[in-house]
Amino acid sequence: MTAYAFPPATEPRAGEPDTVYLVASGDLRQSANVTCWPAQQRFEADLTAAVGKLGRSVRRAHDPDPAKEHGFIDSQRAGIEVFARIPRDAPVIVAEAVWQYSHHVLAGLRSHGGPIMLAANWNGEFPGLVGLLNLTASLTKARVEHATLWSEDFTDDWAVRRLETWLTTGRLTHDTSHVRELPELPDTAEVALGQALGRQLMTDKAIIGVLDEGCMGMYNAIIDDELLNPLGIYKERLSQSTLVAEMRTVSDAEAGQVRAWLDKAGMKFHVGTDEATELTEAQLLSQFKMYIAALRIADDFGLDAIGIQYQQGLKDTVPASDLAEGLLNDGNRPPVRSRDGYRELYPGRPLPHFNEVDEGAAVDSLVTNRVWTAMGLDPATTLHDVRWGADYDGEFVWVFEISGSVPAVHNGGYDKSYSMRQPPMYFPLGGGTLSGVAKPGEIVWSRVFIMDGSLHVDLGRATVRELPAAETQRRLDATTPQWPIMHAVLHGISRDQFMARHKANHLNVAYAPDARTADRALLAKAALFHTIGLTVHLCGEVHI
Ligand SMILES: C[C@H](O)[C@@H](O)[C@@H](O)C(=O)CO
């Protein structure tokens, strides 16, 4: 017998009958976990009561930590340790009332053998639905079978019946009949344009600058080069420390010129003096330096798009990246010159920025930029978080709400845009948003995602509604008032169909001047994606 130190044999624990194990993935940031914990507790109580009424009991797989004053899994290591104690074949519910980092539970779920349910509360207070959508997207990429469910408090018949199905069968499927494959493309100018732009992309190639890859555990948002390069898209992996170093070379005077331009354009800044709780002039100055630095680095590397990770690492170094991001995504923005002053950088056009280094949004923004520009449309695009929604005036109106910034043109211009301090629980060093209420109009929405090992894209149409100011404020107060909001009605897709299908916490949006032009732009975009090799899905009412 050799004297090797073999690991102790571990006997798999059997699950207790009629027992469901509950876990809650949280944020890395202690401040967010403590602030959001009471809402999570309320949701878990609702869910536990619902499961109990169906004759099962819920066992929380990890106790709240009194020292941390919350009960979230707040790291990948903690998640691995929690799942090591869960019987491998037991049913598991991942309960989310908050934004969470999917990699905290990905490892455990990947090797779990029992049924998996992701459940979130239909409540805008914290981004729980956003958290659920990121986790379902990440598990889809990882090919981990799972079910999803959402409800205000799990007392409604729709949710209870589906919860029962899952508890009984270990599976649950939803209605996604709104999704159809791309039919044969018609012989139109838009199709020809999309195909030509697709061939050009694959031939001439494009570079996306990724300043520190992977943000907040969003495993879905990292696209392997082997999937990306065949599209003609290549990553330039850069470091956020380079951005900080470049910011230090930007003078206060140059940064001040950006402010002066925005003041002249009518943008409003909600400024105070307390660094910890208010937006300050010093934070804004730093953000304008980031905007200038980002353009100069992009110019150095010949980037076609750029993504700043920010909420990991940089959030403890400089104020938020959001204001810079919103400016970059607009073709009408403060001019920035090369270091030697001879050239204006990316004059009169956006440098697409993909928030939270979401590489699915990077591919999408790049494609939108090329199609809209070629069609003579304003290419300003952005991602939004699928945050929440409620009926209004007989329609289901979504709250699409990115956590920080949109191009001002989406709000109707700088004079309809404002900047508020980012919430301290997420953004300790502050910095301003680029916020406003999205202007009414016709949009194309889309999402690039990984499924079955390959790249797919969902495309659809929507209309942005103008709601009364009181309703807008109600929706802002029910979500995050500092963040930009879009009131969107999806064409031909119910709330639950969209939640059942959408494979991301984010979706991309781009405006068109009217419905017919939006349909044409969607068609050109579909043709481009098809040409570069993505599987294209049309979602809801789409006229092509
Ligand atoms: C501030 C938060 O971390 C947000 O960034 C988060 O909820 C998201 O937006 C995720 O898409």
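Each remark here, short or long, concerns the structure printed above.
Residues numbered from 1 in each chain as written. Predicted model: local features only at pLDDT ≥ 70, side-chain atom pairs only at ≥ 80, totals over all residues. Heavy atoms only, no water.

Novice: Looking at this structure, how should I read the overall build of the chain?
Specialist: Within the chain one finds 15 helices and 18 strands. Relative to the globule expectation of 24 Å for 544 residues, the C-alpha radius of gyration of the chain, 23 Å, shows essentially globular dimensions. The principal-axis extents of the C-alpha atoms in the chain amount to approximately 70 × 65 × 55 Å. In the chain, 79% of the contacts between residues at least 6 apart in sequence involve partners at least 24 apart. (Helix = DSSP H or I, 4+ residues; strand = E, 2+ residues; numbered from the N terminus. Rg over C-alpha atoms; globule rule 2.2 N^0.38 Å. Contact = heavy atoms within 4.5 Å.)

Novice: What am I meant to see in helix α2 (residues 76-84) here?
Specialist: Note on helix geometry: an α-helix contains 3.6 residues per turn, so any two residues three or four positions apart are oriented the same way. By the burial criterion, the buried members of α2 are Gly79, Val82 and Phe83. Projected onto a plane normal to the axis of α2, the buried residues spread over an arc of 90° and lie on a single side. Facing away from the buried side of α2 by over 90 degrees, the exposed positions are Arg77 and Ala84. Tucked into the core, α2 has its buried residues touching β1 (19-23), β3 (92-96) and α3 (103-110). (Buried < 20%, exposed > 50% of the residue type's maximum accessible area, 1.4 Å probe, protein only. Arc of directions from axis to C-beta.)

Novice: Quick question: what am I supposed to make of the site of the ligand here?
Specialist: Around the ligand there are 14 residues in total, and Gln311, Glu356, Asp385, Asn505 and His506 lie nearest to it. Taking glutamate 356, its side chain carries an N or O atom lying 2.8 Å from an oxygen atom of the ligand. The contact in question runs from an oxygen atom of the ligand to an N or O atom on the side chain of histidine 506, over 2.8 Å. Coverage of the ligand by the protein amounts to 99% of the 310 Å² it exposes when considered alone. Residues belonging to the shell around the ligand are distributed by class as follows: 7 nonpolar, 4 polar and 3 charged. Domain assignment of the residues forming the shell around the ligand places at least three in each of domain 1 (19-169) and domain 2 (189-539). (Near = heavy atom within 4 Å. Polar contact = N/O pair within 3.5 Å; in protein donor to acceptor, adjacent residues only side chain to side chain. Areas by Shrake-Rupley, 256 points an atom, 1.4 Å probe, with all protein chains shown as cover. Nonpolar A, V, L, I, M, F, W, Y, C, P; charged D, E, K, R; others polar. Domains from an automatic or database assignment.)

Novice: What exactly am I supposed to notice about unusual backbone geometry here?
Specialist: Only a minority of non-glycine residues have a phi that is not negative, and only a minority of peptide bonds are not trans. A positive phi angle is found at lysine 205, which is not glycine, with a value near 70°. Counting through the fold element by element, lysine 205 comes out in the loop between α6 (189-204) and β7 (206-211). Residue class for lysine 205 comes out partly exposed when judged on its relative accessible area of 41%. Notably, tyrosine 310 is not glycine yet its phi reads approximately 55°, a positive angle. Note on placement: tyrosine 310 falls in the loop between β10 (305-308) and α11 (322-328). Taking the relative accessible area as the measure of exposure, tyrosine 310 reaches 2% and is therefore buried.

The values reported here are purely geometric and, on their own, carry no functional implication.
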